[in-house]
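One-letter residues, chain by chain:
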Amino acid sequence: MNTLDAIKLRHSTRGFSDRQISKEDLDAILFAGGQAAVGGADFKSMKIFAVQDPEVIKAIDESSAKSRPGSHPLYGAPTLIVLASKDSILKNIEFTNAGCVLQNMMIAATDLGIDSIYLWMSMYGINNDPELMERLGFPEGFTCVGTVALGYAAKEFPKPRADEQRIEVIYI
Ligand SMILES: Cc1cc2nc3c(=O)[nH]c(=O)nc-3n(C[C@H](O)[C@H](O)[C@H](O)COP(=O)(O)O)c2cc1C
């Protein structure tokens, strides 16, 4: 797929089927994440956790739903990419790095016909639950800085977005 088409086709999916993505596709998506721009090339400040264990996914979903009991902040996704970071060599750059890494993964997923959503809620769910952080195997000093859910939409997405700029641009 053309890169610009993949960028335009990417959209947030809020309802996934049980169908798991293949290991081959998962690895291609993880590789794309590792190719992202990272401030100061401080790749060692981050770790990517590829979560597919249904018990762990359920625990993250439950922990993330504490502020809205009964909700499913992971939307039934069978795969959750959890990006963890420690303090980088560049102050306060961690969330910017996360955006670059996770966006690369979502674009790669779109290219492979896989649906995705960037999730902030599950980041809170993980960081507010020290037991869960230990279960994931976060090393000392690492916290979650972003997550992306992956899978296949339960229902077909209505239609691609209109061809329009969504952020105001000022030409100078
Ligand atoms: C950093 C970040 C965090 C987000 N967290 C959530 C979230 O926790 N739950 C959710 O349903 N959507 C979340 N989203 C998805 C946005 O709501 C979505 O990207 C936005 O509505 C634009 O829609 P689109 O992704 O389909 O283009 C998040 C997006 C970003 C970039």
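Further up the page is the structure itself.
Everything in this summary refers to the structure shown in the same document. (Residues numbered from 1 in each chain as written. Predicted model: local features only at pLDDT ≥ 70, side-chain atom pairs only at ≥ 80, totals over all residues.)

Re the nonpolar core
Step number 1: Core analysis: the largest hydrophobic core is formed by 36 residues, its most contacted members being Leu80, Val82, Leu83, Met105, Val148, Ala149 and Leu150.
Step number 2: Elements that contribute at least two residues to this core include exactly helix H2 (23–34), strand S1 (46–51), strand S2 (79–85), helix H4 (94–111), strand S3 (115–119), helix H5 (121–127), helix H6 (130–136) and strand S4 (143–151).
Step number 3: Element by element, the count of residues in this core is highest for H4, at seven residues.
Step number 4: When neighbours within four sequence positions are excluded, valine 148 is seen to be in contact with Ile81, Leu102, Met105, Met106, Ser116, Tyr118 and Leu119. (Core = buried A, V, L, I, M, F, W, Y, C linked by C-beta atoms within 7 Å. Buried ≥ 20, exposed ≤ 12 C-beta atoms within 10 Å, placed from the backbone. Helix = DSSP H or I, 4+ residues; strand = E, 2+ residues; numbered from the N terminus. Contact = placed C-beta atoms within 7 Å.)

Section: the sheet that holds S3
Step number 1: The strand order across the open sheet formed by four strands is S1-S2-S4-S3, and the pairing between neighbours is antiparallel. Looking at the sheet topology across the chains shown, the edges are occupied by S1 and S3. Between one strand axis and the next, the sheet turns through 20° on average, direction left out of account.
Step number 2: Relative to S2, S1 is paired through six bridges, and the arrangement is antiparallel. Paired with valine 51 across the bridge in S2 is leucine 80.
Step number 3: This element, H2, spans S1, S2 and S4 of the sheet and lies at about 160° to S1. (Pairing = 2+ DSSP bridges. Axes fitted to C-alpha atoms, helices over the stretch in contact; angles between N-to-C directions.)

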